[in-house]
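As a plain string of letters, each chain reads:
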Amino acid sequence: MAIPPTPPTPPPASARDDRQGPSGGSMAALIITAVLHALITAGTLLLVGLLMLAALLGTGTAGAVGAVLLLGTLLAGAHWALLECLRMAGLPHPGSTAALLTVSVVLSLSQAAITLFAFDAGSLAVAPFAAAFQGAAVATVLAVSRGRALGWACAAVVGVVLAHALLALTTA
């Protein structure tokens, strides 16, 4: 007597959703999360960095090590929170997206500091808003591509960085 073949089992719900692409709600969550992450993280890092710089001027090496550890801890915590939000939204490649958005925040702060101190142009106060604009650009590219165009999202960050640098240097 022959054993009848078993019907194929459907893939788990998460794999089915990944093939069909993320829903519109998760794309809206991506855009909101990207902008809020950029604003809050850049603003917090900027404020803590300036406070630590002020304290550093009087403390020396121990203060410098403490400042680097505190800023690194804050950045790691913000990155972890963003990664968890992206995972809960069910987006494809949440690790790569979170890394791109976190690097975008650090790049925005670095760019603002370099243009201010090296070229005496721009302001540190615009860094969180530039980071939010970069986050919005990344989220828009990922929303349009259904989360699968990380290369184009990187290109969007580079475009916003170049536009911000030109704007800072021309308004000096």
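The rules behind these values
Residues numbered from 1 in each chain as written. Predicted model: local features only at pLDDT ≥ 70, side-chain atom pairs only at ≥ 80, totals over all residues. Heavy atoms only, no water. Helix = DSSP H or I, 4+ residues; strand = E, 2+ residues; numbered from the N terminus. Expected span 1.5 Å × (residues − 1). Buried < 20%, exposed > 50% of the residue type's maximum accessible area, 1.4 Å probe, protein only. Arc of directions from axis to C-beta. Contact = heavy atoms within 4.5 Å. Salt bridge = Lys/Arg side-chain N within 4 Å of Asp/Glu carboxyl O.

K.L.:
Just checking my understanding: could you explain helix H6 (residues 150–170) for this structure?
P.N.:
Side chains three or four residues apart in an α-helix point the same way, a direct result of the helix having 3.6 residues per turn. Its 21 residues give H6 an end-to-end C-alpha distance of 30 Å, which sits within 8% of 30 Å, the value for a rise of 1.5 Å per residue. Along H6, the residues classified as buried are Ala153, Ala156, Val157, Val160, Val161, His164, Ala165 and Ala168. On an axial view of H6, the arc spanned by its buried residues comes to 170 degrees, and they lie on one face. Facing away from the buried surface of H6 by more than 90 degrees, the exposed residues are Gly151, Trp152, Leu162, Leu166 and Thr170. Where H6 is buried, its residues contact helix H4 (94–119) and helix H5 (127–144).

K.L.:
Just to check I follow, could you spell out the environment of Leu150 for this structure?
P.N.:
Structurally, the position occupied by Leu150 is in helix H6. Once the C-alpha coordinates of Leu150 and Thr97 are considered, the two residues, 53 residues apart in sequence, prove to be 7.4 Å apart. Ignoring any residue separated from it by four or fewer positions in sequence, one finds Leu150 in contact with His93, Ser96, Thr97, Leu100 and Leu142.

K.L.:
Help me understand the pattern of salt bridges in this model?
P.N.:
Pairs can form between side chains of opposite charge whenever their charged atoms are close. The full count for this structure, using the stated rule, is one salt bridge. Note that Glu84 and Arg87 form a salt bridge whose closest N and O atoms lie 3.2 Å from each other. Here Arg87 and Glu84 lie together in helix H3 (residues 61–88), a separation of three residues that amounts to about one turn. By relative accessible area, Glu84 is classed as partly exposed at 25%. Judged by its relative accessible area of 48%, Arg87 is partly exposed.

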